[in-house]
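# Analysis of the macromolecular model
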Amino acid sequence: MTAASPEPRVEEPAERASRDHLRTRSDGGRAVEYPPPPEPLAVGVYDNHTHLEIADGALPLDVHEHLERAASVGVVGAVQVGTDVATSRWSADVAEREPRLLAAVALHPNEAPVLEAAGALDDALAVIDELAARPRVRAIGETGLDFYRTGEDGRDAQFRSFEAHIDIARRHGLALQIHDRDAHDEVLETLRRVGAPERTVFHCFSGGDELARVATEAGWYLSFAGNVTFKNAETLRDALLATPRDRILVETDAPYLTPVPLRGRPNAPYLVPHTMRFMAGVLGADLDELCAQVASNTRAVYGAWHDEPVRGASG
């Protein structure tokens with residue numbers, strides 16, 4: 001007896017909205033396919049920092065497809081990160097519809113000088129402050145300092161924006177996700193002077209073992225991305241070795257920083273197992289034990305994905 005063909009599934013409006021990516025990669029995307037899924041992890045972990053609003057590859061994935069692929073390989077949740085008003089609103093909205101996502105909202109440091117020049121920085125910061133009150137928003141980020149793309153004429157705006165984001169995180173009891181590029185000393189000085197939130201994360205950690213020791217001695221977390229697998233990334237591997245296990249997080253920063261051996265192809269949360277296996281090898285750690293520790297660390301920073309938010313101390 002032949003089973004009847006299933007009726008085609010009708011997308012809900014919220015699902016259709018999740019397919020409407022806000023932007024494509026700044027390099028126009030790449031006409032390449034997503035890699036095949038890796039061997040699943042036996043112990044689930046979370047992608048601590050991803051940008052699912054950015055379409056990439058020959059056949060971009062929607063949010064549901066990203067998360068289904070992730071779940072199939074043991075990546076049980078992700079933090080969707082905003083970088084301006086539009087992507088922060090989108091991140092907060094999609095996290096309310098999707099229980100496998102939490103949101104982080106902020107103005108990227110390279111946005112701050114542009115907004116300041118237009119007289120719009122204060123209004124944009126006010127929107128971030130409003131979004132921070134939503135229960136599925138669990139972090140302010142990515143914020144910080146970027147002296148690689150912004151020259152000295154834009155640094156005052158970056159400092160002002162960074163300090164405002166720290167204040168927002170503290171007032172709302174949220175974690176802080178740091179973007180730090182070519183500005184290690186200035187980021188540390190700002191965090192010490194203004195007062196870092198208790199749960200502060202260096203997203204896509206880019207320093208060496210000395211910065212790793214300074215940051216973790218302050219109680220902060222270091223999040224390692226696919227670039228820790230790159231051949232020329234000995235400094236990052238030294239930092240990983242210097243980081244206590246209870247301060248390690250993992251992320252993709254998708255669609256960027258695709259791990260070895262898949263460089264040049266689109267990145268996505270379902271590729272986290274490549275980075276986890278590589279880190280376990282560097283650390284000489286049992287993979288399952290490291291996954292359990294990283295998952296516990298992630299929940300300590302953001303709270304549980306399916307429970308009511310835990311608003312932490314301001315630090």
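It should be noted that the structure appears before, not after, this text.
For clarity, every value in this text was computed on a predicted model and none was experimentally measured.

Calculation notes
- Residues numbered from 1 in each chain as written.
- Predicted model: local features only at pLDDT ≥ 70, side-chain atom pairs only at ≥ 80, totals over all residues.
- Heavy atoms only, no water.
- Salt bridge = Lys/Arg side-chain N within 4 Å of Asp/Glu carboxyl O.
- Helix = DSSP H or I, 4+ residues; strand = E, 2+ residues; numbered from the N terminus.
- Buried < 20%, exposed > 50% of the residue type's maximum accessible area, 1.4 Å probe, protein only.
- Pairing = 2+ DSSP bridges.
- Axes fitted to C-alpha atoms, helices over the stretch in contact; angles between N-to-C directions.
- Arc of directions from axis to C-beta.
- Contact = heavy atoms within 4.5 Å.

Enumeration over the complete set of coordinates arrives at 13 salt bridges. For Arg134, the salt bridge is made with Glu96, and the minimal N-O distance between the two is 3.0 Å. With Arg134 in the loop between α5 (121-131) and β6 (137-146) and Glu96 in helix α3 (residues 85-97), this residue pair connects regions lying 38 residues apart in the sequence. For Glu96, a relative accessible area of 45% corresponds to the partly exposed category. With a closest N to O distance of 2.9 Å, Arg100 and Glu98 form a salt bridge. The exposure classification of Arg100 matches that of Glu98, with both residues buried. Put simply, Glu68, Glu98 and Arg100 are held in one network by salt bridges that share partners.

Strand order in the open sheet made by the eight strands is β2-β4-β5-β6-β7-β8-β9-β10, with parallel pairing throughout. In the strand order of this sheet, the two ends are held by β2 (45-50) and β10 (248-250), each with one partner. Averaged over neighbouring strand pairs, the angle between their axes works out to 30° when direction is ignored. Both strand β5 (residues 101-105) and β6 contribute to a ladder of three bridges, which runs parallel. Within the sheet, the bridge partner assigned to Val105 lies in β6 and is Ile140.

With that out of the way, let us pick up helix α8 (residues 209-217). Among all positions in α8, only Leu211, Ala212, Ala215 and Thr216 are buried. Seen from one end, α8 has its buried residues packed into an arc of 120°, which puts them on one side. The exposed set on the far side of α8, more than 90 degrees from its buried face, consists of Glu210 and Glu217. Check the buried side of α8 and you find it contacts β7 (175-181), α7 (184-195), β8 (200-202), β9 (221-224) and α9 (234-242). Just downstream of α8 lies Gly219, where phi reads positive at about 90°.

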